[in-house]
Structures are given as structure tokens and as C-alpha cells.
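Notes for the structure review
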Amino acid sequence: NPPDINQRSIVFDVLIARGARQINATVLTENRQDCLLIKEAMRRDLDFKLVIIQRTTGTLEEIN
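These notes cover the structure that comes with them.

Reading the values: the criteria
- Residues numbered from 1 in each chain as written.
- Predicted model: local features only at pLDDT ≥ 70, side-chain atom pairs only at ≥ 80, totals over all residues.
- Heavy atoms only, no water.
- Helix = DSSP H or I, 4+ residues; strand = E, 2+ residues; numbered from the N terminus.
- Buried < 20%, exposed > 50% of the residue type's maximum accessible area, 1.4 Å probe, protein only.
- Core = buried A, V, L, I, M, F, W, Y, C linked by side-chain atoms within 4.5 Å.
- Contact = heavy atoms within 4.5 Å.
- Pairing = 2+ DSSP bridges.
- Axes fitted to C-alpha atoms, helices over the stretch in contact; angles between N-to-C directions.

Here the focus is unusual backbone geometry. Backbone geometry at Asn 24 places phi at a positive 60°, although glycine is not the residue there. One can find Asn 24 in the loop between helix H1 (5–22) and strand S1 (26–29). Taking relative accessible area as the criterion, Asn 24 reaches 55% and is therefore assigned exposed.

In C-alpha cells, the structure reads:
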């Protein structure tokens, strides 16, 4: 069975995160749930930076 849309989305998000890490970039996202899944997938990459954007309040929250 092919993965559902949400699983494929996470795979693509992790690929983007890995690419960002290679160029020392920070990934910004509005999706907290996906953010936590990406961070778990990237747990061995201690220098990886991930930030959640709260569009309604204009705030940023770095996830460590």
C-alpha cells in the first residue's frame, strides 16, 4: 500500500529539513505537529534549527 498523504508530506518535510541543515539554514513552519515529527527525525543533527511561526501573533518559537 502506498503511504497516505500525511506520511508523504512528512517525508518531503524531512528532506527539506536535511537540505536546510546541509547549508546551515533554519526551517520555518506554521505546523506544530509536523514540526515535532521533523525534529524527531532530525534528532541526531544537533545543529539543526527549526522555528514555528505563529502568523496570528507574529511570533517565532525556536524548537530545541
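This brings us to the nonpolar core. Soluble, globular proteins show a tendency: their nonpolar side chains are buried together. Ile 10, Val 14, Ala 17, Ala 20, Val 27, Cys 35, Ile 38, Met 42, Phe 48, Leu 50, Ile 52 and Ile 63 together form the largest nonpolar core, which totals twelve residues. For this core, the secondary structure elements donating two or more residues are H1, helix H2 (32–41) and strand S2 (49–54). Examining the composition of this core, we find that four residues originate from one element, H1, more than from any other. If sequence neighbours within four positions are ignored, Val 14 has contacts with Ile 38 and Ala 41.

Turning our eyes to something else, we now look at the sheet that holds S2. Strand pairing in a sheet relies on backbone hydrogen bonds, with the paired strands running either antiparallel or parallel. If you walk across this open sheet you meet the three strands as S1-S2-S3, and the pairing is mixed. The sheet is open, and its two borders are formed by S1 and strand S3 (59–63), each paired with just one other strand. Taking each pair of neighbouring strands and ignoring which way they run, the sheet shows an average axis angle of 30°. Pairing analysis gives five bridges linking S2 to S3, with the strands arranged antiparallel. Of the residues in S3, the one forming a bridge with Ile 53 is Leu 60. Along the sheet, H2 contacts S1, S2 and S3; its crossing angle with S2, the most-contacted strand, is approximately 175°.

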